[in-house]
Amino acid sequence: MSQNNYSEIHLGIVCPMANEEASAVAFVNQVIAQRASYQFKATTFFAILDSQSKDKTRELLTTMSAQQPLLRIVWAPENKSVVDAYVRGYREALAAGCDWILEIDCGFSHLPSDIPQFFRQMAAGHDCVFGSRFSDIETATESSARRLMSRGGTVLSNLLLGTKLSDMTSGFEMFTRPALQFVLDKGIHSRGPFFQTEIRAYCHRLKITEVPIRYQGASHKISGGVIKDAFRNLWRLFRLRLQGTL
């Protein structure tokens, strides 16, 4: 595949969005602009919205979609967690026939300008490309406590699960269609941020790589429930590894 010719690829972009009225339109425009230099067969941006969004994000994007044919609004009021929003987006992308699926967080916590390196690594034949905040160039704006937790979670996950990634907790990643279907067939059990670690654990036997990303998000409080969910699912995955089924 030539560097900028992706004429057989339908690109899907999955992005849960809530309470983003200040940046939603600019963010979608900048993400879509990143594929302008690449000759994709088709591109679809799936904006996943649910009842957690209390402002005018949905209205703004609905208006935008009338002028931007690449934008598809997915209204999912049945979602009970952000994990449900991501999974709904994955299923929408697969149902639409997307060949490559990019997952990105809204609000510029993940930077659209980092996207092209994902395309290049996918074109090189990888099944999955994972963003890493812990590369040689570290520009993440997380608090030191959150950063320590992410690094500690990565070390512990690699130790127990046999994975070898430098960042097991980021949410900026890209999959081939078969790889994403494989993940969904395995089943995503976590209801919290640990689901990103769960996905990376499932993919560790596939052809994967990492690319450096610049994370610009705010550091949210980690609740006791989130920590319990992480340890419960880490233990579940560890048992799967011992059984030889991870």
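Further up the page is the structure itself.
Structure report, in brief. (Residues numbered from 1 in each chain as written. Predicted model: local features only at pLDDT ≥ 70, side-chain atom pairs only at ≥ 80, totals over all residues. Heavy atoms only, no water.)

As a further point, take the overall build of the protein. The helix and strand tally for the protein stands at eight helices and seven strands. Principal axes of the C-alpha set define a box for the protein whose edges measure 50 × 45 × 35 Å. The proportion of buried residues among the 246 residues of the protein is 51%. Taking contacts inside the protein between residues at least 6 apart in sequence as the whole, the part at least 24 apart equals 82%. Of the roughly 11,400 Å² that the protein leaves accessible, carbon and sulfur atoms contribute 53%. One way to put it: in the protein the 28 positive side-chain charges average out to a point 5 Å from where the 23 negative ones average out. (Helix = DSSP H or I, 4+ residues; strand = E, 2+ residues; numbered from the N terminus. Buried < 20%, exposed > 50% of the residue type's maximum accessible area, 1.4 Å probe, protein only. Contact = heavy atoms within 4.5 Å. Areas by Shrake-Rupley, 256 points an atom, 1.4 Å probe, with all protein chains shown as cover. Lys, Arg positive; Asp, Glu negative; His and termini not counted. Charge placed at Lys NZ, Arg CZ, Asp CG, Glu CD.)

In this section: the pairing of strand E2 (residues 42-49). Of all eight residues making up E2, seven are buried, and the element is well covered by its neighbours. Relative to E2, strand E1 (residues 10-16) runs parallel, the two sharing seven bridges. Bridge pairing links His 10 to Ala 42 in E2. Assessed by its sense of winding, the connection that carries the chain from E1 through helix H1 (residues 24-33) to E2 is right-handed. Across five bridges, the pairing between E2 and strand E3 (residues 71-75) is parallel. Its bridge partner lying in E3, Phe 45 is registered against Leu 71. (Pairing = 2+ DSSP bridges. Right-handed = clockwise from strand over helix to strand, strands pointing away.)

One pass over the structure, following the stated rule, counts eight salt bridges. Close ionic contact of Arg 88 with Glu 92 constitutes a salt bridge, the shortest N to O distance being 2.9 Å. One end of the pair, Arg 88, and the other, Glu 92, are both in helix H3 (residues 82-95), four residues apart, so they sit about a helical turn from each other. On the accessibility criterion, Arg 88 (24% relative accessible area) is partly exposed. Taking the shortest distance from any N to any O, the salt bridge between Asp 229 and Arg 232 comes out at 3.6 Å. One end of the pair, Asp 229, and the other, Arg 232, are both in helix H8 (residues 224-243), three residues apart, so they sit about a helical turn from each other. In this structure Arg 232 comes out as exposed when scored by relative accessible area, which is 52%. (Salt bridge = Lys/Arg side-chain N within 4 Å of Asp/Glu carboxyl O.)

With that out of the way, let us pick up the side chain of Ser 53. Residue position: Ser 53 is located in the loop between E2 and helix H2 (57-65). According to the relative accessible area criterion, Ser 53 is buried, its value standing at 14%. Within the structure, the side chain of Ser 53 is placed 3.0 Å from the backbone nitrogen of Asn 19, a separation counted as a polar contact. Sequence-distant contacts of Ser 53, that is, excluding residues within four places in its chain, are made with Met 17, Ala 18 and Asn 19. (Polar contact = N/O pair within 3.5 Å; in protein donor to acceptor, adjacent residues only side chain to side chain.)

Right, let's get into the state of the cysteines. Tallied over the full model, the rule gives zero disulfides. Considering cysteine sulfurs only, Cys 15 is the nearest to Cys 98, which forms no disulfide, with 14 Å between them. You can call Cys 98 buried: its relative accessible area is 0%. The closest cysteine sulfur to the non-disulfide-bonded Cys 203 is located on Cys 128, 3.7 Å from its own sulfur. (Disulfide = S-S within 2.5 Å.)

A few words on the sheet that holds strand E7 (residues 208-212). With mixed pairing, the seven strands of this open sheet are ordered in space as E3-E2-E1-E4-E6-E5-E7. Only two strands of the sheet have a single neighbouring strand rather than two, namely E3 and E7. Recorded for the sheet is a direction-independent mean angle of 20 degrees between the axes of neighbouring strands. As judged from the four bridges shared by strand E4 (residues 100-103) and strand E6 (residues 173-176), these two strands associate in the antiparallel manner. Considered in E6, the bridge of Glu 103 is made with Glu 173. Where H1 meets the sheet, its contacts fall on E1, E2 and E3, and the angle it forms with E2 comes to roughly 155 degrees. (Axes fitted to C-alpha atoms, helices over the stretch in contact; angles between N-to-C directions.)

The next thing to look at is the environment of Phe 119. As for its placement among the helices and strands, Phe 119 is situated in helix H4 (residues 115-123). Between the C-alpha atoms of Phe 119 and Met 174, which are 55 residues apart in sequence, the distance is 8.5 Å. Other than its neighbours up to four places away in sequence, Phe 119 contacts Tyr 6, Leu 11, Gln 34, Arg 35, Tyr 38, Phe 40, Trp 100 and Met 174.

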